[in-house]
Amino acid sequence: MPARCTLIVAVACFALPSAARAADPLHTRIDKHIDTGFGDLKKHAAPRAGDEEFLRRVYLDLTGTTPATAELYRFLADSAGDKRTKLIDELLAGPGYARRMAWHFDVMLMERRPDSKVPRPAWEAYLRTAFADNKPYNALVREVLASDGSDPKVRAAAKFLLDRDLEPHLVTRDIARVFLGRNVQCAQCHDHPTISDYKQADYYGIQAYLSRSFLFPNAQAPTAVIAEKAEGDVTFMSVFDKNKTLNSTRPRMPGGKPADEPKVEKGKEYKVAPAANVKPEPAYSRRARLADAVTGADNPAFARNAVNRVWALMMGRGLVHPLDMDHGDNPPSHPELLDELAAAFVSHGYDLKWLVREIALSDAYQRSSETPAGLDDPPAEKYLVAVLKPLTPEQFAYAVMQATGHTDAERAALSKLGPKATEEALDARLAARLAPFRNVLGRGGEAGADTFSSTLDQTLFLKYGGAVRGLLPPRAGNLADRLGKITNPDAAADELFAAVLARRPTADERKDVADALRGTKDRQTTINELVWALVASAEFRFNH
Amino acid sequence: MLPCDYACRSADHTVSRRAFLGTALGATAALGAAGFANPLAAQQLAKTQKRVLVIFLSGGVSQLETWDPKPNTDTGGPFKAIQTSATGTRVCELLPHTAKQMHRIALVRSLNSQTDDHGIGEQVMLTGRKPEAGITYPHIGAVSARLLGGSDSALPGHIQILPKGGSGFGGRDAAFLGPKFASVSLGDGKPPADLFRPGNLGPAEDDERERFRKKLNDRFAKSRKSAATDAYTESFAQADRVVKQAAVFDVEKEPARVADRYGRHDLGRHFLLARRLLEAGVTYVKVSHSNYDTHHENFDFHIEQLGEFDRPFAALLDDLADRGMLDSTLVVVMSEMGRTPHINDRYGRDHWGKAWSVALAGAGIKGGAVIGKTNANGTAVVDREVLTGHLFHTYLRAVGLDSTKSFYPNERPVPIADPKTAAIPEVLA
């Protein structure tokens with residue numbers, strides 16, 4: 001029996017020489033698809049990133065911050081062949097993962113809009129718990145779309161709807177964009193003029209799930225919850241239709257079948273009938289079906305969008321790009337890979353941590369960001385070279401605090417609390433320092449801002465602002481303090497580059513540091529400004 | 001935020017600055033960055049580079065006490081109408097200095113902005129659109145900065161001077177145009193945050209750390225050059241240029257007699273700052289004057305408020321004209337709405353968007369023109385109703401842009417101005 005199995009596998013392998021095999025781990029299949037997408041890839045692609053490059057990248061991606069100096073040296077000294085896999089698993093098991101993912105999904109879902117009905121701390125705690133528990137993605141989204149805000153335990157989950165004031169067009173647009181990868185905004189007024197897949201009826205099909213819902217007692221109340229009426233249908237007409245035909249649709253997902261709706265007997269439409277100051281409850285709730293419709297197996301756009309967004313998070317660019325432009329005229333760069341990721345994600349129970357791990361293990365992820373000689377302007381969608389990812393405001397703040405020694409100092413102070421010295425407690429201590437970075441670097445978080453820009457205020461903030469400069473001066477044990485005590489210039493350069501850029505300096509860089517330290521009248525000031533120069537460098541600004 | 005890539009530069013999907021420029025500007029635009037090295041070219045550019053100045057009388061100025069007086073009627077209030085430098089055009093006697101500028105000013109007296117709400121009113125006046133769920137339209141300031149601003153301009157292209165508060169950056173008024181074109185706010189005319197080198201950082205250290213940072217960047221860029229790293233590097237160069245021009249933000253540099261002409265009060269100082277910014281090449285400046293929300297004692301309030309506005313406004317127009325900048329600078333005096341013709345029992349006027357006025361001057365505007373008409377006591381438009389969309393088209397046309405083009409955020413067309421409306425030809429020179 002075993003021999004026969006082997007034979008079957010062997011035959012299968014033989015029959016499909018280049019195709020990915022389901023028996024392979026996903027990361028192997030990822031690489032096969034990427035290789036297939038570019039003939040002769042191995043010859044052109046950048047080699048595997050060095051240990052330093054990999055370490056910084058994977059720390060930023062999986063924990064939200066850069067590694068401590070000790071981590072760098074430990075990793076460099078480790079000669080085990082599987083040390084990268086071990087590190088990825090370590091980081092995924094650590095507390096930084098939940099923090100990083102909570103940051104990411106907060107921005108993806110809320111796009112840095114100001115708080116309206118659900119305060120930020122409750123929302124952050126909700127997300128963090130979800131990622132710490134590795135809640136399946138479909139379960140998370142189900143909660144986000146199904147919670148009406150009345151149960152205090154899961155009110156935070158309703159932030160997506162509540163903080164958009166349940167505004168029908170805004171909610172329709174954002175459900176389509178964020179969960180389905182389809183920016184159907186144009187279809188509010190007519191079928192999309194240039195994208196044949198985006199129909200006005202699709203738009204109103206989504207809206208129909210929520211068009212009977214409203215905020216109770218009213219949209220202005222900060223404690224409002226979502227209530228629903230028993231009747232009301234969406235109607236629409238195209239602004240291009242000269243006959244002004246009025247259309248209607250039952251709730252449905254784009255391209256899907258309309259929901260089967262029960263016939264409700266006259267007089268029995270409500271469980272709780274509407275009355276003054278009474279929150280009505282219909283016998284049949286359209287809204288209750290929204291979460292199932294979005295996350296259901298018969299809506300393939302859901303998993304497809306999810307894996308595309310996680311791919312973009314890790315790889316710096318979506319297979320479908322822009323992320324919310326999934327339609328027939330904008331095919332994915334690697335269609336089979338996208339299908340395979342989506343199918344594997346579903347069969348793995350929408351396990352985000354597993355998906356992140358598999359991508360992190362792939363050669364495509366671990367490729368260097370250095371463009372190999374002779375390869376000018378490599379097309380980003382081929383993944384020949386690792387794509388540079390600008391640090392998010394949160395990553396940037398945490399990396400600065402890590403680099404300057406502030407995080408370690410806070411951690412040391414916290415350790416006196418014993419078991420209460422959790423990563424959450426540390427984050428609470430760092431929150432005040434994070435705020436200005438979020439505030440200044442986080443602008444432009446809204447839809448469509450997928451190109452990097454560095455505005456004047458951001459640059460002045462980095463140059464002269466107190467948030468960065470306040471971290472530079474020496475304090476017991478911090479970077480400037482340590483550097484001040486190192487007399488050998490080479491050793492000072494090593495410490496500086498390890499702490500800030502998580503790498504060893506080149507010979508030229510050692511010489512530059514030595515020259516700067518030798519020539520100065522005020523050694524400590526020069527040290528502070530060297531730290532600043534590294535923090536303000538392009539190398540620090542990007543996850544590369 | 002994902003990195004830009006060099007590849008996505010399809011001509012169809014980019015709004016080209018030059019494509020928007022009228023023929024008059026084509027030659028200057030073609031000079032490009034190199035033109036700046038030549039002082040003559042720079043001078044030429046100062047004359048031809050189009051700019052926009054919006055004066056926002058916030059709270060809702062009364063059209064009856066300004067541009068469309070109705071003396072001796074049941075709604076007219078106590079003030080007279082006076083002759084102006086534009087034959088046949090009369091304005092309220094609260095604007096004696098402005099009256100002498102009317103040959104430079106066009107009035108639209110038939111605006112129906114269709115809202116009596118402060119927040120929505122401000123939005124419709126600055127975007128030329130009714131609010132729509134699901135899309136935020138950029139303000140005229142962001143649109144101007146985007147379409148008129150040179151990419152190599154040292155100063156931010158979209159600045160607003162607010163009566164109060166500290167300086168701040170980046171409202172969401174640029175919408176899909178991106179934070180680069182969002183407003184920089186100068187509260188009470190204070191300079192931008194972090195503009196000045198902190199005291200504990202000497203100039204020598206500042207230079208040294210910049211040199212070190214540049215060295216690092218050059219090495220990094222050798223193998224990892226991208227549009228994103230270029231943008232990051234360029235932002236430091238831009239910050240340097242702004243820091244070097246920090247004096248532009250300092251009104252104290254103006255001679256005392258100039259400051260006297262503008263008036264020794266906040267609005268005078270803010271107008272003077274606006275002129276300095278426009279002169280230094282800022283594409284769009286908005287100055288807000290508060291607060292015209294006069295539900296009671298409307299007339300006393302307008303005596304006071306317009307008294308503050310009138311003289312520096314006239315001085316500003318004179319200065320722009322003397323410097324040869326008025327021909328290239330569009331000036332708009334607007335508000336979020338007008339005030340009711342009906343005078344309430346507290347001698348106040350309430351919110352009124354149905355029939356009120358806006359004043360325009362400078363670039364592309366026919367001085368002395370009067371467009372539209374309200375009835376005898378100002379309660380309704382009787383001729384040439386104008387919507388905010390018409391005004392928005394007009395602003396763009398006045399500075400030489402084709403207002404019927406579209407932006408392409410996410411590769412889908414969004415008309416720059418409301419396609420259901422068009423420019424007002426009678427007001428364009």
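A quick note: this is a predicted structure, and the numbers were derived from the prediction, not measured. (Residues numbered from 1 in each chain as written. Chains lettered and ligands numbered in written order. Predicted model: local features only at pLDDT ≥ 70, side-chain atom pairs only at ≥ 80, totals over all residues. Heavy atoms only, no water.)

## Focus on the overall build of chain B
For step 1, the next point in the chain: Helix and strand content of chain B: 12 helices and 17 strands.
For step 2, the next point in the chain: Evaluated residue by residue, chain B yields a buried proportion of 56% over its 429 residues.
For step 3, the next point in the chain: Taking the contacts inside chain B whose residues are at least 6 apart along the sequence as the reference set, 73% of them involve residues at least 24 apart.
For step 4, the next point in the chain: As displayed, chain B has an accessible area near 17,000 Å², and 52% of this comes from carbon and sulfur atoms. (Helix = DSSP H or I, 4+ residues; strand = E, 2+ residues; numbered from the N terminus. Buried < 20%, exposed > 50% of the residue type's maximum accessible area, 1.4 Å probe, protein only. Contact = heavy atoms within 4.5 Å. Areas by Shrake-Rupley, 256 points an atom, 1.4 Å probe, with all protein chains shown as cover.)

## Side note on the side chain of Asp310(B)
Residue and element names in this part refer to chain B.
For step 1, the next point in the chain: Its location among the elements puts Asp310 in helix α11 (residues 298–322).
For step 2, the next point in the chain: Within polar-contact distance, the side chain of Asp310 engages the backbone nitrogen of His97 at 2.8 Å.
For step 3, the next point in the chain: Look past the residues within four positions of Asp310 in its chain and what remains in contact with it is Leu94, Leu95, Pro96, His97 and Thr98. (Polar contact = N/O pair within 3.5 Å; in protein donor to acceptor, adjacent residues only side chain to side chain.)

## Structural notes on the pattern of salt bridges
For step 1, the next point in the chain: On inspection of all chains with the given rule, the structure shows 83 salt bridges over all chains.
For step 2, the next point in the chain: Residues Glu143(A) and Lys135(A) are paired through a salt bridge, measuring 2.9 Å at the closest nitrogen-oxygen approach.
For step 3, the next point in the chain: Residue classification places Lys135(A) among the partly exposed residues on the basis of a relative accessible area of 22%.
For step 4, the next point in the chain: Between Glu65(B) and Arg349(B) there is a salt bridge; the shortest N-O distance is 3.0 Å. With Glu65(B) in the loop between β1 (51–58) and β2 (81–83) and Arg349(B) in the loop between β10 (338–339) and β11 (351–352), this pair connects stretches of sequence that are 284 residues apart. The pair formed by Glu65(B) and Arg349(B) is uniform in burial state, with each residue classed as buried.
For step 5, the next point in the chain: Each of Arg99(A), Arg128(A), Asp408(A), Arg411(A), Glu423(A), Glu424(A) and Asp427(A) takes part in one network of salt bridges that share partners. (Salt bridge = Lys/Arg side-chain N within 4 Å of Asp/Glu carboxyl O.)

## Examining the UniProt feature "domain: DUF1553" (unreviewed entry) in chain A
For step 1, the next point in the chain: Cross-referencing UniProt, the feature "domain: DUF1553" (unreviewed entry) maps to residues 286–411 of chain A in the present numbering.
For step 2, the next point in the chain: Helix makes up 52% of residues 286–411 of chain A and strand 2%, whereas the separation of the span's terminal C-alpha atoms amounts to 49 Å. (UniProt positions renumbered as here; feature names shortened; annotations may be inferred.)

## Observations concerning unusual backbone geometry
Residue and element names in this part refer to chain A.
For step 1, the next point in the chain: For the peptide bond that leads from Phe216 to Pro217, omega is 0°, which places it in the cis range.
For step 2, the next point in the chain: By secondary structure assignment, the location of Pro217 is in the loop between β1 (213–216) and β2 (225–228).
For step 3, the next point in the chain: Residue His321 is joined to Pro322 through a cis peptide bond whose omega torsion reads -5°.
For step 4, the next point in the chain: A positive phi angle, near 55°, is found at Leu166, a position not held by glycine.
For step 5, the next point in the chain: Within the element layout of this structure, Leu166 appears in the loop between α10 (159–162) and α11 (168–180).

## Examining the sheet that holds strand β4 (residues 105–111) of chain B
All names here are of chain B.
For step 1, the next point in the chain: Ordered by their spatial adjacency, 9 strands build an open sheet running β6-β7-β5-β8-β1-β9-β12-β4-β13, and the pairing between neighbours is mixed. Looking along the sheet, the strands with just one partner apiece sit at the ends: β6 (168–169) and β13 (370–371).
For step 2, the next point in the chain: Relative to β13, β4 runs parallel, the two sharing 2 bridges. Looking at β13, one finds that Leu107 is bridged to Val370.
For step 3, the next point in the chain: Sitting on the sheet, helix α10 (residues 266–279) touches β1, β5 (158–162), β7 (184–187), β8 (284–290) and β9 (329–334), and the angle it makes with β8 is about 175°. (Pairing = 2+ DSSP bridges. Axes fitted to C-alpha atoms, helices over the stretch in contact; angles between N-to-C directions.)

## What to know about the layout of surface pockets
For step 1, the next point in the chain: The calculated volume of the second largest pocket comes to roughly 840 Å³.
For step 2, the next point in the chain: Lining the second largest pocket we find 30 residues, and of these Cys189(A), Glu132(B), Tyr137(B), Pro419(B) and Lys420(B) sit closest to its centre.
For step 3, the next point in the chain: Of the residues belonging to the lining of the second largest pocket, the class tally is 14 nonpolar, 10 polar and 6 charged. (1 Å grid on protein atoms, 1.4 Å probe; cavity = no way out; pocket = protein on both sides within 12 Å on 5 of 7 lines; lining within 4 Å. Points joined across faces, edges and corners; volume = space filled by probe spheres on them. Nonpolar A, V, L, I, M, F, W, Y, C, P; charged D, E, K, R; others polar.)

## Considering the pairing of β4(B)
Residues and elements named next belong to chain B.
For step 1, the next point in the chain: Among the 7 residues that make up β4, 7 are buried, leaving the element largely enclosed by the rest of the structure.
For step 2, the next point in the chain: Summarising the sheet, β4 and strand β12 (residues 356–362) pair through 5 bridges and their orientation is antiparallel. By the bridge assignment, Ile105 is partnered in β12 with Ala361.

## Concerning the interface of chain B and chain A
For step 1, the next point in the chain: Counting residues at the interface gives 52 residues for chain B, matched by 75 residues for chain A.
For step 2, the next point in the chain: Of the roughly 5,800 Å² buried between chain B and chain A on both sides combined, carbon and sulfur atoms contribute 62%.
For step 3, the next point in the chain: Inspection of the region where chain B meets chain A yields 8 salt bridges.
For step 4, the next point in the chain: A salt bridge links Lys215(B) to Asp512(A); the nearest nitrogen and oxygen atoms lie 3.1 Å apart. (Buried area = accessible area lost by both parts, 1.4 Å probe.)

## Observations regarding helix α19 (residues 406–415) of chain A
Counting along an α-helix, one turn takes 3.6 residues, and residues three or four places apart therefore face a common direction.
All names here are of chain A.
For step 1, the next point in the chain: His406, Thr407, Glu410 and Leu414 are the residues of α19 that are buried. Taken around the axis of α19, the buried residues stretch over an arc of 100°, which confines them to a single face.
For step 2, the next point in the chain: Buried positions along α19 lie against α18 (393–404) and α20 (423–441). (Arc of directions from axis to C-beta.)

## So, the side chain of Arg469(A)
For step 1, the next point in the chain: Structurally, Arg469(A) is set in helix α22 (residues 466–469).
For step 2, the next point in the chain: Judged by relative accessible area, which is 11%, Arg469(A) ranks as buried.
For step 3, the next point in the chain: Reaching out from Arg469(A), the side chain makes a polar contact with the side chain of Glu529(A) at a distance of 3.3 Å.
For step 4, the next point in the chain: When sequence neighbours within four positions are dropped, the list of residues in contact with Arg469(A) reads Lys463(A), Tyr464(A), Glu529(A), Pro198(B), Asn200(B), Leu201(B) and Arg209(B).

## Describing the packing of α20(A) against helix α21 (residues 456–464) of chain A
Residues and elements named next belong to chain A.
For step 1, the next point in the chain: Across the interface, α20 lies against α21 with an axial gap of 9 Å and an inter-helix angle of 150°. Relative to α21, α20 is oriented roughly antiparallel. When α20 is examined against α21, the residues Pro436, Phe437, Val440 and Leu441 are found in contact with a partner set consisting of Asp457, Gln458 and Phe461.
For step 2, the next point in the chain: For the contact of α20 with α21, the class distribution of residues is 5 nonpolar, 1 polar and 1 charged. (Parallel < 35°, antiparallel > 145°, perpendicular 65-115°, else oblique.)

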